[in-house]
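# Structural overview
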Amino acid sequence: GYNRYPALCAQGDQVVLAIMSPDLAFVDFSVWGTVSADRGATWTTLQQLRGESTPERAIFPIVSCDGSGGAVAIWPDLRDFANWRLFANRWDGNAWQGDVLIDGPAGLDRFWPRVARAGASDVVVAFEDFDGAVYVARSQDGGATFPSHARLDDAAPDPDAFSEAPRIAGDG
């Protein structure tokens, strides 16, 4: 096997890692997570962050720590065979909580997520679609849900221009 595109965040002695690797059946790519409470000396058992029977690919994970022992992993996922959508799975300090859909525009691919936090509960994900628009989705519950999204570039100096590669920063 192999592990690709590792994403890390650290808070105190805790390190959270998300990687892209094949699922157990070696059929599709999936996203896996593990946590160390001792700066990487030992790790929890690697856990698949989406169901084993979930079809198609999950790739390029990112991860963000909340400063209080929690974290959220986010990745593009092609499980519906039609469009890339973004999913998240929250580490609550003890266990991964299950993957949830990050809201975004219907019928468009959502890709290249970036994440920032404003404290432990507010998580903002910026992403692009393949048609040249940039969006954000916000969670106010630490990454447990992302119920809505907003397009950021529809009132830019040239709303018809191609927008890509969003970046985001937080103060928390």
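Residues numbered from 1 in each chain as written. Predicted model: local features only at pLDDT ≥ 70, side-chain atom pairs only at ≥ 80, totals over all residues. Heavy atoms only, no water.

Moving on: the state of the cysteines. A full pass over the atoms with the stated rule returns 1 disulfide. For cysteine 9, the disulfide goes to cysteine 65, at an S-S distance of 2.0 Å. Its torsion about the S-S bond being 75°, the disulfide of cysteine 9 and cysteine 65 is classed as right-handed. With cysteine 9 in strand S1 (residues 4–11) and cysteine 65 in strand S5 (residues 62–65), this residue pair connects regions lying 56 residues apart in the sequence. In this structure, cysteine 9 and cysteine 65 share a single accessibility class: buried. (Disulfide = S-S within 2.5 Å. Helix = DSSP H or I, 4+ residues; strand = E, 2+ residues; numbered from the N terminus. Buried < 20%, exposed > 50% of the residue type's maximum accessible area, 1.4 Å probe, protein only.)

Inspection of the secondary structure puts proline 105 in the loop between strand S8 (96–101) and strand S9 (110–118). A residue is classified by how much of its surface remains accessible, and proline 105, at 10% relative accessible area, is buried. Between the C-alpha atoms of proline 105 and histidine 149, which are 44 residues apart in sequence, the distance is 7.6 Å. The residues touching proline 105, leaving out its near neighbours within four places in the chain, are Arg110, Phe127, Tyr135 and His149. (Contact = heavy atoms within 4.5 Å.)

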